[in-house]
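Single-letter residue listing:
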Amino acid sequence: MSSHKTIHVGGEWRSALSGATRDILDPADAKPFAVVAEGGAEDADAAIAAARAAFDQGPWPRTPVAERAALLRRVADLLRRDREELGLLESRDAGKTVEEGRVDIDCVADAFVYFADLVAAEGAGRVVDAGTDTVHSVVVHEPVGVCALITPWNYPLLQASWKIAPALAAGNTFVVKPSEITPMTTVALIGLLVEAGLPTGVANIVTGPGHSVGARFAEHPDVDLVSFTGGLVSGTKVAQAAAVGVKKVALELGGKNPNVVFADACATDEGFDTAVDQALNAAFIHSGQVCSAGSRLIIEESVRERFVAELARRAAKIRLGRGTEDGVECGPLVSEQQRAKTESYVASALEEGAVLVTGGQRPEPSGIRPATGYFYEPTVLDGCHREMRVVREEVFGPVLTVETFRTEDEAVALANDTEYGLAGAVWTADAGRARRVAGRLRHGTVWINDFHPYLPQAEWGGFGKSGVGRELGPAGLAEYRESKHVYQNLDPRPVRWFAG
């Protein structure tokens with residue numbers, strides 16, 4: 001198992017000041033495979049102090065943009081170099097398949113390259129026409145300062161990169177707290193930043209729990225921005241703590257995402273097969289532990305019976321097992337707590353009248369599925385309605401609910417009937433309907449005849465309780481900047497406002 005010196009402060013790897021440690025479990029067999037430092041508020045204070053000093057006195061905020069971009073590209077090269085090792089580590093840490101882990105590393109490298117290219121292509125500022133030749137007026141962008149980054153357990157390295165890459169591109173320093181149950185690849189990324197030549201104190205990490213480390217990040221007076229990805233309850237606490245210091249806050253708090261399928265999308269055999277296949281991907285990739293998972297299938301009534309039957313047949317054939325084994329299509333849930341939460345949602349759905357079509361239980365152990373792992377069968381629940389908890393609340397497990405509609409207006413109403421608004425999809429062969437429905441959906445990302453792809457150059461974030469602010473795209477960089485207006489009078493003269 002790995003060293004427990006996983007806290008990096010001011011260029012030094014160290015143990016927790018308290019000496020506390022935490023075992024990191026492989027969710028496929030519930031056995032520890034690493035030991036990390038269990039930091040606390042005092043470790044958070046030390047990390048913030050290092051980041052503050054590096055911002056106020058260090059070279060990084062004043063490093064030319066071209067040099068910052070070059071460093072980000074070096075980091076991308078190092079990620080590609082270590083792709084196999086990091087992909088395997090992500091698989092063991094989060095339970096996903098190795099192939100998913102590899103794809104995550106590719107996406108992380110792409111994020112670093114995107115933000116490097118974005119800042120490198122910018123000019124010296126936006127010139128503002130003051131209406132006279134005697135004034136030079138320009139709006140420039142400067143780094144916010146010390147950024148506190150708090151990341152979730154489902155996509156540990158990917159979500160970290162969506163924050164770290166733009167924060168560095170903009171010239172900030174940062175402290176990061178990965179999830180206490182999946183910290184390993186974020187620790188590795190800090191090592192790659194150091195290897196790439198990032199100045200001392202710019203990147204700091206504290207491994208530890210949210211109630212101490214994360215809470216201290218949010219409330220600390222020397223933190224200028226807090227970016228949090230995670231659950232609604234924790235995100236609300238972060239926002240409340242940050243509000244006391246009037247810090248900038250960016251929150252991505254999950255979703256309850258509709259996948260709307262019109263009958264015309266299933267009119268041909270190929271269309272039907274594609275829509276079913278994508279509904280499986282939408283709901284069950286990474287065992288449903290995806291903030292944008294299409295966990296609500298909203299399907300036109302005339303094709304519901306056929307569609308659900310085929311969906312259930314294929315869901316029952318999904319090969320569960322340890323993510324490092326060949327042929328495995330879906331890994332375990334991340335923890336026993338997450339599996340118990342999933343089980344409670346399924347139980348409540350059945351009590352409220354849902355019909356279990358497939359799944360709904362722990363699978364039998366097999367050669368690739370240890371008896372002690374946190375596995376749960378892909379589950380399809382038919383006959384669902386909006387009043388059910390399983391339809392209203394984010395399960396974050398392999399559970400798909402089925403609702404039906406008869407008209408386009410009804411489909412849109414169902415899809416928007418949620419407190420969240422992160423992502424959604426519409427499936428139809430009618431181009432006009434596709435544009436209409438996409439325009440009416442109150443979600444930050446809308447896919448037409450697809451589900452899950454994202455682009456680093458396109459903003460990611462949600463409406464409603466899915467959060468505030470955006471990651472990725474130009475707006476994702478803007479989160480880590482302050483705008484400053486510089487007004488220069490080229491011909492200063494007395495104003496004579498006062499008689500004097």
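Keep in mind the model is a prediction, meaning the values are calculated, not measured.

(A) Just the overall build of the protein chain, in detail. Counting its secondary structure elements, the protein chain contains 15 helices and 20 strands. Against the globule reference of 23 Å for 500 residues, the protein chain gives a C-alpha radius of gyration of 24 Å, in line with a compact fold. Projected onto its principal axes, the C-alpha positions of the protein chain cover 85 × 55 × 40 Å. Out of the 500 residues belonging to the protein chain, those deemed buried represent 56%. On the protein chain, roughly 20300 Å² of surface is accessible, and the fraction owed to carbon and sulfur atoms is 51%.

(B) Inspection of a nonpolar patch on the surface at higher detail. There is a patch of nonpolar side chains on the surface, built from V495, W497 and F498 and spanning about 480 Å² of accessible area. Secondary-structure assignment places V495 in the segment after β20 (481-489).

(C) Looking closely at the nonpolar core. Of all hydrophobic cores here, the largest spans 90 residues; its most connected members are L79, F112, F174, L193 and F307. A per-element tally of this core places helix α4 (residues 98-120) first, with 11 residues. Taken domain by domain, the makeup of this core includes at least three residues from each of domain 1 (7-253 + 466-486) and domain 2 (258-448). Contact partners of F112, with chain neighbours within four places excluded, come to L72, V75, A76, L79, S161, I164, A165, L189 and L193. A50, V206, V213 and A218 belong to the second-largest nonpolar core, a separate cluster that totals 25 residues.

(D) Expanded view of the sheet that holds β20. Strand order across the open sheet formed by three strands is β5-β6-β20, with antiparallel pairing between neighbours. Either end of the sheet is taken by a strand with one partner, and the two such strands are β5 (126-127) and β20. Where strand β6 (residues 135-143) and β20 come together, nine bridges link them in antiparallel fashion. Its bridge partner being in β20, H136 is matched across the sheet by Q488.

(E) Here's a closer look at the pairing of strand β13 (residues 296-300). Burial within β13 is extensive, with five of its five residues counted as buried. Burial of β13 is two-sided: the residues R296, I298 and E300 facing one way and the residues L297 and I299 facing the other way are all buried. Bridge count for strand β12 (residues 258-261) against β13 is four bridges, and the pairing is parallel. Residue pairing for β13: P258 is matched across the bridge by R296. Handedness of the crossover is the feature at issue here: the chain leaves β12, passes through helix α9 (residues 269-284), returns alongside β13, and the resulting connection is right-handed. As defined by bridge partners, β13 adjoins strand β16 (residues 399-405) across five bridges and the pair is classed as parallel. Looking at β16, one finds that R296 is bridged to T401.

(F) Up close: the pattern of salt bridges. A complete count under the given rule lists 41 salt bridges for this structure. One salt bridge connects E219 with R216, and the closest N-O pair in it is separated by 3.2 Å. Of this pair, E219 and R216 both sit in helix α7 (residues 210-219), separated by three residues, roughly a single helical turn. In this structure, E393 and R389 form a salt bridge, with 3.5 Å as the shortest nitrogen-oxygen distance. Of the residues examined, E393 reaches a relative accessible area of 28% and is grouped as partly exposed.

(G) Up close: the environment of E180. Examined against the element boundaries, E180 turns out to sit in the loop between β8 (173-177) and α6 (184-195). A relative accessible area of 24% means that E180 is categorised as partly exposed. Separated by 27 residues in the primary sequence, E180 and W153 have C-alpha atoms spaced 7.8 Å apart. With residues up to four places along the chain from it excluded, the contact list for E180 reads R22, I24, G208, P209 and G210. Only 3.2 Å separates the side chain of E180 from the side chain of K177, close enough to count as a polar contact.

(H) Representation of the domain arrangement of the protein chain. The domains assigned to the protein chain are domain 1 (7-253 + 466-486) and domain 2 (258-448). On a C-alpha basis, the centroid separation for the pair domain 1 and domain 2 is 31 Å. Each side of the interface is counted separately: domain 1 has 25 residues, and domain 2 has 27 residues. When the two sides are added together, the surface that domain 1 and domain 2 hide from each other amounts to roughly 2000 Å², 59% of it contributed by carbon and sulfur. The largest share of the area that domain 1 buries against domain 2 comes from A28, W153 and S466, three residues that together contribute 27% of it. Summed over the shared surface of domain 1 and domain 2, the result is two salt bridges. There are 10 residue pairs in polar contact (both at pLDDT 80 or more) connecting domain 1 and domain 2. Only β3 (21-26), α3 (83-94) and α4 provide two or more residues apiece to the side of domain 1 that touches domain 2. Take the side of domain 1 that touches domain 2: its biggest share by element is four residues, from α3.

Calculation rules
Residues numbered from 1 in each chain as written. Predicted model: local features only at pLDDT ≥ 70, side-chain atom pairs only at ≥ 80, totals over all residues. Heavy atoms only, no water. Helix = DSSP H or I, 4+ residues; strand = E, 2+ residues; numbered from the N terminus. Rg over C-alpha atoms; globule rule 2.2 N^0.38 Å. Buried < 20%, exposed > 50% of the residue type's maximum accessible area, 1.4 Å probe, protein only. Areas by Shrake-Rupley, 256 points an atom, 1.4 Å probe, with all protein chains shown as cover. Patch = residues over 30% accessible without salt bridge, like charges linked within 9 Å, V, L, I, M, F, W, Y side chains within 5 Å. Salt bridge = Lys/Arg side-chain N within 4 Å of Asp/Glu carboxyl O. Core = buried A, V, L, I, M, F, W, Y, C linked by side-chain atoms within 4.5 Å. Domains from an automatic or database assignment. Contact = heavy atoms within 4.5 Å. Pairing = 2+ DSSP bridges. Right-handed = clockwise from strand over helix to strand, strands pointing away. Polar contact = N/O pair within 3.5 Å; in protein donor to acceptor, adjacent residues only side chain to side chain. Buried area = accessible area lost by both parts, 1.4 Å probe.

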